[in-house]
Amino acid sequence: MTLGECIYIVDDNEMTSQSLAFFCESLGYETKVWNDPEEFLETYPTLDKVGCIVLDVRMPKKNGLEVFAELKEQKK
């Protein structure tokens, strides 16, 4: 990751996502958190500082693998 890029965290568990964000920020990274994978997928096309995306594999609406597959489709 380069300076100016952001770590995007998608996890339905708010405590987990906030803890991970706090840890990453303590290392000097910028973060943004979504607790709803569908909201993240709607927002993703407008994001321009993507450095890393952390996806929870087990979420009730869409799991991380489904989100990843949709991201791949958006890139085509």
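One structure accompanies this document, and this report is about it. (Residues numbered from 1 in each chain as written. Predicted model: local features only at pLDDT ≥ 70, side-chain atom pairs only at ≥ 80, totals over all residues. Heavy atoms only, no water.)

### Here we look at the environment of Met15
Logical step 1: Position of Met15 relative to the elements: it lies in helix 1 (residues 14-26).
Logical step 2: For the pair Met15 and Asn35, spaced 20 residues apart in sequence, the C-alpha separation works out to 9.9 Å. (Helix = DSSP H or I, 4+ residues; strand = E, 2+ residues; numbered from the N terminus.)

### Quick notes on helix 3 (residues 64-75)
Logical step 1: With 12 residues, helix 3 ought to run about 16 Å at 1.5 Å a step, and its terminal C-alpha atoms sit 17 Å apart, in line with that.
Logical step 2: Regarding helix 3, the residues found buried are Gly64, Val67 and Leu71. Considered in projection along helix 3, the buried side chains sweep an arc of 60° and stay on one side of the axis.
Logical step 3: Contact partners of the buried residues in helix 3: helix 2 (37-43) and strand 3 (50-55).
Logical step 4: One side-chain oxygen of the residue at the start of helix 3 lies 2.9 Å from the amide nitrogen of Leu65, identifying that residue as Asn63. (Expected span 1.5 Å × (residues − 1). Buried < 20%, exposed > 50% of the residue type's maximum accessible area, 1.4 Å probe, protein only. Arc of directions from axis to C-beta. Contact = heavy atoms within 4.5 Å. Polar contact = N/O pair within 3.5 Å; in protein donor to acceptor, adjacent residues only side chain to side chain.)

### Things to note about the pattern of salt bridges
When charged atoms on two side chains of opposite charge get close, those side chains can pair.
Logical step 1: Within this structure, the stated rule accounts for 3 salt bridges.
Logical step 2: Salt-bridge contacts for Asp36 lead to Lys61; the nearest nitrogen and oxygen are separated by 2.7 Å. You can see Asp36 sitting in the loop between strand 2 (30-34) and helix 2 and its partner Lys61 sitting in the loop between strand 3 and helix 3, a full 25 residues away along the chain. (Salt bridge = Lys/Arg side-chain N within 4 Å of Asp/Glu carboxyl O.)

### Let's talk about the nonpolar core
A general tendency of soluble globular proteins is for nonpolar side chains to be buried together.
Logical step 1: Listed in full, the 10 residues of the largest apolar core are Cys6, Tyr8, Val10, Trp34, Phe40, Leu41, Tyr44, Met59, Val67 and Leu71.
Logical step 2: Broken down by secondary-structure element, the contributors of at least two residues to this core are strand 1 (6-10), helix 2 and helix 3.
Logical step 3: Ranked by the residues each element gives to this core, the list is headed by strand 1, at 3 residues.
Logical step 4: If you look at the next biggest cluster of nonpolar residues, it comprises 5 residues, including Ile7, Ala21, Cys24 and Val33. (Core = buried A, V, L, I, M, F, W, Y, C linked by side-chain atoms within 4.5 Å.)

### A closer look at the environment of Asp12
Logical step 1: Tracing the sequence through the fold places Asp12 in the loop between strand 1 and helix 1.
Logical step 2: Spatially, the C-alpha atoms of Asp12 and Gly51 are 21 Å apart, while their sequence positions differ by 39 residues.
Logical step 3: Not counting the four nearest positions on each side in its chain, Asp12 is found in contact with Asn35, Asp56, Arg58, Met59 and Pro60.

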